[in-house]
Amino acid sequence: MKINAIILLLIFLNSSCSPSKKFFNSGEVIINNDIEVVDLKIVKELPLCQVIINGRNYWFLVDTGAAMVISKEIFKELNLKTLHSANVGDSQKKKQTQDFCLLPEIKIGNMTFKNIAAVAMNIDNQELKCFGFDGIVGANLLANLHWQFDYQNKKIMASKNAALFNIDSFDFSLDFTYKSQKTPYVQGKVNDKVQEFTFDTGYAGNIKISNDLSYHQNLTAEDKFYKKSGVNSIGVYGNSASDTTFAMKNTVTLNSTIFEDQIIDSGASTLIGNEFLKNYVFVIDWTTNKIHFKKNSKMETPKVDGFGFTYLFVDGKATVMSKVVDKNIPIELGDQILAINDTDFTKIQSSEFCKYFLNKIEQNDTEVAVTVKRADEILQFNLTKQQFLK
């Protein structure tokens with residue numbers, strides 16, 4: 001887990017409109033085999049799969065933290081009708097009114113899903129576009145079957161019978177509840193503070209909790225805690241507000257299962273994400289409201305290292321959007337990155353933004369020379385990679 005990559009969050013449906021509560025119960029599935037296997041493409045810890053709609057192939061994000069989403073282009077191409085409109089909120093608690101429709105058919109592997117409730121909206125955020133997905137396979141579609149996720153082997157599997165995944169041999173299970181769009185919620189605690197976690201395969205990070213900074217700082221060892229300022233994450237409607245947040249290494253309790261030495265971030269939402277989930281094969285069973293986990297043979301040891309700042313392209317300029325506090329990081333929020341080592345950022349074209357956003361040129365370096373513009377000054381700093389949480 002690298003501090004020099006902004007962690008992404010995606011959509012939650014936050015509609016209190018009464019039609020929405022019944023709306024996501026729609027849909028049926030045709031599955032001909034006991035188990036169907038679907039290949040995944042993992043892009044920066046986010047799982048994408050191919051789907052077919054109206055004879056055309058698309059890449060969709062597989063996101064338990066979201067409702068089914070199709071683009072406005074697909075909505076218009078299929079001449080779909082708006083059944084109702086309601087507010088849809090993203091991970092930053094920002095809301096916009098969106099149209100709801102029924103998708104007549106979508107094929108995933110050899111499976112066919114019919115009359116699936118969907119939100120029709122375009123994902124116009126510049127950074128999210130870089131991931132190359134055209135829509136979202138959301139929780140309300142997934143809840144029609146039992147699903148096994150295996151990130152290590154880049155596969156998901158679906159069945160009408162959860163027992164076919166040999167869940168009796170798994171290591172532990174977590175209970176969950178769900179609301180209208182079928183997203184799982186898991187009860188847990190950090191530092192004895194109760195949290196309701198969204199089980200979110202559309203979140204690339206580890207564990208995220210509410211931003212009770214002073215409370216957790218007082219209960220956490222100094223070398224296991226640090227503060228950050230600036231943008232914390234990205235939602236479908238844009239970046240989080242600039243704020244002081246924190247990260248720490250601490251114990252997380254989910255139901256009654258204890259997980260020690262977990263990397264925990266803070267922010268607007270409480271989430272369980274793919275940096276945590278990739279260490280397991282897990283099966284989501286919406287019939288019994290349980291998620292079953294089997295540990296991978298190799299568990300990654302979480303750590304946070306980097307140069308202490310992140311940048312995004314804003315109006316064509318690489319701009320520092322967040323930084324680690326109190327760790328002698330000379331880069332400041334709002335600095336324009338002119339160069340890192342021999343790469344001249346002023347010559348990067350808009351068509352290359354995604355390349356540099358997804359693959360930070362400094363990510364494999366231990367030392368970098370950074371040139372920035374701050375107001376009218378040109379400044380150069382030599383930075384050494386630090387390990388912020390061990």
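Preceding block: the structure.
Residues numbered from 1 in each chain as written. Predicted model: local features only at pLDDT ≥ 70, side-chain atom pairs only at ≥ 80, totals over all residues. Heavy atoms only, no water.

## A short note on the pattern of salt bridges
Then step 1. On inspection of all chains with the given rule, the structure shows 13 salt bridges.
Then step 2. Between glutamate 45 and lysine 278 there is a salt bridge, with its nearest N and O atoms 3.2 Å apart. Linking glutamate 45 in the loop between β3 (41-43) and β4 (46-53) with lysine 278 in the loop between α6 (274-277) and β24 (280-285), this pair joins segments that are 233 residues apart in sequence.
Then step 3. For glutamate 45, a relative accessible area of 25% puts it in the partly exposed group.
Then step 4. Between lysine 303 and aspartate 305 there is a salt bridge, and its shortest N-O distance comes to 4.0 Å.
Then step 5. Judged by relative accessible area, which is 7%, aspartate 305 ranks as buried.
Then step 6. Taken together, the shared-partner salt bridges in this structure form one network comprising Glu45, Glu275, Lys278 and Glu300. (Salt bridge = Lys/Arg side-chain N within 4 Å of Asp/Glu carboxyl O. Helix = DSSP H or I, 4+ residues; strand = E, 2+ residues; numbered from the N terminus. Buried < 20%, exposed > 50% of the residue type's maximum accessible area, 1.4 Å probe, protein only.)

## Quick notes on the environment of threonine 251
Then step 1. For threonine 251, the location among the structural elements is in strand β21 (residues 243-254).
Then step 2. In this structure, the C-alpha to C-alpha distance between threonine 251 and alanine 120, residues 131 residues apart in sequence, is 39 Å.
Then step 3. For threonine 251, the contacting residues outside a window of four places in its chain are Lys189, Val190, Ile258, Phe259, Glu260 and Ile264. (Contact = heavy atoms within 4.5 Å.)

## Regarding the side chain of glutamate 362
Then step 1. Structurally, glutamate 362 is set in the loop between α7 (353-358) and β31 (367-374).
Then step 2. A polar contact of 3.0 Å, which involves the side chain of glutamate 362, links it to the side chain of tyrosine 311. (Polar contact = N/O pair within 3.5 Å; in protein donor to acceptor, adjacent residues only side chain to side chain.)

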